Amino acid sequence: MELKIGIAKAAQHKRLESYETVEIVERPQGKGYSVFLCDGHLNGKADKHVSNVCAKKLMDSIFDGVRDSVALRAASDHIYSQYQGKAHVNVTLLSLDLSTNTIVISRNNPYPIYYYHGEEIRTWSNDSVSLGVSHRVEPTINEITIEPDTIVIAGSDGIFQAGGESGYDWDIPLHLL
């Protein structure tokens, strides 16, 4: 099996680094890999530190062998407690689970996930709540079987807001073909 992970990050608003944090973690006992994208906000503004705090909490939980849903709930409670509800983090967590032969796609992010396989593009954009807005935040989870030539695409707000100020609303699935 070959796993390819592509990450593209760009600084916004003349900053040297982006506000998002992306991490790749090998799951315990070689049972797979997890990739997560954390986009933190504090008092309504993008915040790299909040992204890093969330990423560290997720990394620690996954390293300890915790399931994705539990790791996301723990990170949410941690962010909520540490920032007293003034911060939130949009998170997408993709896990390749070799013990079940599945890709687990977990979202606490208002932006959709795109799944491409066999000339078909699916969009998952079910309701999702950002981490840290309250206690007991639940992720939305989709699980698909690992198959050759499967592509899963996730992004943060910058992807979905690109061109908006110029009046250009681009169709992401159309660009995937």
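The structure under discussion appears in the preceding block.
Because the structure is a prediction, the values reported are computed rather than measured.

Visitor: Give a description of the nonpolar core that names residues and reports values.
Guide: By size, the foremost hydrophobic cluster in this structure holds 20 residues, and its most contacted members are Cys54 and Leu58. For this core, the secondary-structure elements that each account for two or more residues are β2 (32-42), α1 (48-63), α2 (68-83) and β4 (87-97). It is α1 that provides the largest number of residues to this core, a total of six residues. Dropping the residues within four chain positions of it, Leu58 is found in contact with Phe36, Cys38, Ala71, Leu72, Ala75 and Val91. Within the second largest apolar cluster, nine residues are counted, among which are Ile103, Ile113, Ile144 and Ile146.

Visitor: Give a detailed account of the side chain of Ser76, specifying residues and quantitative values.
Guide: Within the secondary structure, Ser76 is located in helix α2. By relative accessible area, Ser76 is classed as buried at 0%. The residues contacting Ser76, other than those within four sequence positions of it, are Leu131, Gly132, Ser134 and Val137.

Visitor: If you had to explain unusual backbone geometry to someone new, which residues and values would you point to?
Guide: With a phi angle near 60°, Gln29 is a residue other than glycine that sits in the positive phi range. Its location among the elements puts Gln29 in the loop between β1 (20-26) and β2. If you check the backbone angles, Glu119 has positive phi at about 70° while not being a glycine. Here Glu119 lies in the loop between β6 (113-117) and β7 (120-124).

Visitor: Provide a residue-level description of the sheet that holds strand β9 (residues 151-153), including the pertinent values.
Guide: One open sheet accounts for three strands, arranged β7-β6-β9; its pairing is antiparallel. Of all strands in the sheet, those with a lone pairing partner are β7 and β9, marking the two edges. Averaged over all neighbouring strand pairs, the angle between strand axes comes to 20°, with direction disregarded. In the sheet, β6 pairs with β7 via five bridges, with the strands oriented antiparallel. The residue of β7 that forms the bridge with His117 is Glu120.

Visitor: Describe the packing of α1 against α2, listing the residues and the values that go with them.
Guide: Any two packed helices are characterised by how steeply their axes cross, that is the angle between the axes, and by the distance between the axes. Two elements in contact, α1 and α2, have axes whose closest approach is 9 Å; the angle formed by their N-to-C orientations is 140°. Relative to α2, the element α1 is oriented oblique. Note that α1 runs across α2; the crossing there is right-handed. Residues His49, Val50, Val53, Cys54, Lys57, Leu58, Ser61 and Ile62 of α1 pack against Ala71, Leu72, Ala74, Ala75, His78, Ile79, Gln82 and Tyr83 of α2. Taken together, the residues of the contact of α1 with α2 sort by class into eleven nonpolar, four polar and one charged.

Conventions we followed
- Residues numbered from 1 in each chain as written.
- Predicted model: local features only at pLDDT ≥ 70, side-chain atom pairs only at ≥ 80, totals over all residues.
- Heavy atoms only, no water.
- Core = buried A, V, L, I, M, F, W, Y, C linked by side-chain atoms within 4.5 Å.
- Buried < 20%, exposed > 50% of the residue type's maximum accessible area, 1.4 Å probe, protein only.
- Helix = DSSP H or I, 4+ residues; strand = E, 2+ residues; numbered from the N terminus.
- Contact = heavy atoms within 4.5 Å.
- Pairing = 2+ DSSP bridges.
- Axes fitted to C-alpha atoms, helices over the stretch in contact; angles between N-to-C directions.
- Parallel < 35°, antiparallel > 145°, perpendicular 65-115°, else oblique.
- Left-handed = near helix turned anticlockwise from the far one by under 90°.
- Nonpolar A, V, L, I, M, F, W, Y, C, P; charged D, E, K, R; others polar.

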